[in-house]
Amino acid sequence: MIADRARFEAYSKAIVKAVRPGDVLLEIGCGPGVFALLACQAGARKVYAVDSEEIVDFARELAAANGFAERMEFIQRDSRKLHLSERVDVIVSDIRGALPFFGHAVASIEDARQRLLAPGGRLIPQRDTLKVAVIEAADFYSKLVSPWLTSTRALDLKSSLPLLLNGPYTTHFSRQQLMVVPQTWVVLDYSRGAKACASADLNFTVTQAGKAHGICVWFDTELFDGVGFSSGPGPRKTIYDQVFLPWLEAVEIQQGQQIFVSLQAHLVGEEYVWRWETKICGHAKIAGRHFQQSTFQGANFTPHSLRRRAADFVPLLSEEGQADRWLLQAMDGKTPLQQMAQSAAQRFPAIFPRWEDALRRAADLASQFSR
């Protein structure tokens, strides 16, 4: 991420512009804490660097190596569970995936804006604009589907293609592969409050004839006061790439042809469910096409797995669940992990054939839930 020059230089400039001497700053998802260090360098009086992973320990070492340890406080925690003794003047984050719609990234920024940012405070980024275009992706599409069509002549694997083609993929495209003028799908204005979902209907006019393979999505960001960058198609590849939503088949399109796309993204639990419906109008002697796709269709849920998610389902713990419950209850602040693991192996021999197996599971649970 540091090696992504466009991203790193833009964040560096934004931090210099946004941070004023004496400011208090919060970095969400700090990783090694490089942006937090830049904030100290820009004059921040106090910096809270927060990450849910243990990389905060490494970030402490970098802070000490750069002489900023006294001004920085590192916290390993989900920012949505964070409580500070003061409100901050600036919040900086880069917790996107290939797109801002990634896990609870948008919700985390909005939570921090409401609870932790002082009135008149500043956010980096200020807004992300998500762009959409119809794309020619012959090479990528071929690599995706050809194994299921040509790997063996003895078997017919084509019925697997709908599962494959109802999923999102990340890759990198050139501007020359765009077959329409890109359109804005949604603007996430973090400074005013952004929603963790999006839905919009788009109407494209084909500007480049050829064979189209699906939809390309990316974001342009304004970090602060005009400073930003794009993750879109082009010669410069970023760590984000673009998201490709394939069609169920490649379609020959002509200049001037109309293509209607309804695109939705909704956060369900920990993951986004994407839905893309495409209507390609007929043109001259070319027949139209209509695709209705979603990542739900590509998830291959069984009726049994769906039933276990229903509100009226009455769950019963499996033996593995009972073992986890026993280990959690054994964490009483007095018993060491080895003793717990040896007892667990005796109680649940089918789950833990060796006490070392129980130790690994107990250590995982302790890492996640112990104080």
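Bear in mind the structure is a predicted one, so any value in this text is a computation, not a measurement.

> Any chance you could explain the overall build of the protein chain here in plain terms?
If you tally the helices and strands in the protein chain, you get 11 helices and 15 strands. Among the 371 residues that make up the protein chain, the fraction classed as buried is 45%. Sequence separation of 24 or more characterises 72% of the internal contacts of the protein chain that already satisfy a separation of 6 or more. A total accessible area of about 19500 Å² is found for the protein chain, and carbon and sulfur atoms account for 50% of it. Once the 42 positive and 40 negative side-chain charges of the protein chain are each reduced to a mean point, those two points are 3 Å apart.

> Honestly, helix 9 (residues 319-330) in this entry has me stumped. Any pointers?
Since the α-helix packs 3.6 residues into each turn, any two residues three or four apart lie on the same face. Here helix 9 spans 16 Å end to end across 12 residues, near enough to the 16 Å set by a 1.5 Å rise per residue. Of the positions making up helix 9, those classed as buried are Gly321, Ala323, Asp324, Trp326, Leu327 and Ala330. Among the structural elements, helix 10 (337-347) and helix 11 (355-369) are those in contact with the buried residues of helix 9.

> Quick question: what am I supposed to make of the packing of aromatic side chains here?
The description of an aromatic ring pair rests on the distance of the ring centres and on the angle between the ring planes. Applying the stated rule across the entire model yields 14 aromatic pairs. Both rings, one in Phe101 and one in Trp185, keep their centres 5.8 Å apart while their planes meet at 75 degrees; by these two values the pair is edge-to-face. Here the residue Phe101 occupies a position in the loop between strand 4 (88-93) and helix 4 (105-115), and Trp185 occupies one in strand 8 (residues 183-189), the gap between them amounting to 84 residues. Assessed through its relative accessible area of 5%, Phe101 is described here as buried. Taking relative accessible area as the criterion, Trp185 reaches 6% and is therefore assigned buried. Note on Trp247 and Phe291: the rings are 6.0 Å apart at their centroids and 35 degrees apart in plane angle, and the pair reads as tilted.

How each quantity is defined
Residues numbered from 1 in each chain as written. Predicted model: local features only at pLDDT ≥ 70, side-chain atom pairs only at ≥ 80, totals over all residues. Heavy atoms only, no water. Helix = DSSP H or I, 4+ residues; strand = E, 2+ residues; numbered from the N terminus. Buried < 20%, exposed > 50% of the residue type's maximum accessible area, 1.4 Å probe, protein only. Contact = heavy atoms within 4.5 Å. Areas by Shrake-Rupley, 256 points an atom, 1.4 Å probe, with all protein chains shown as cover. Lys, Arg positive; Asp, Glu negative; His and termini not counted. Charge placed at Lys NZ, Arg CZ, Asp CG, Glu CD. Expected span 1.5 Å × (residues − 1). Phe/Tyr/Trp six-rings, centres within 6.5 Å; stacked < 30°, edge-to-face > 60°.

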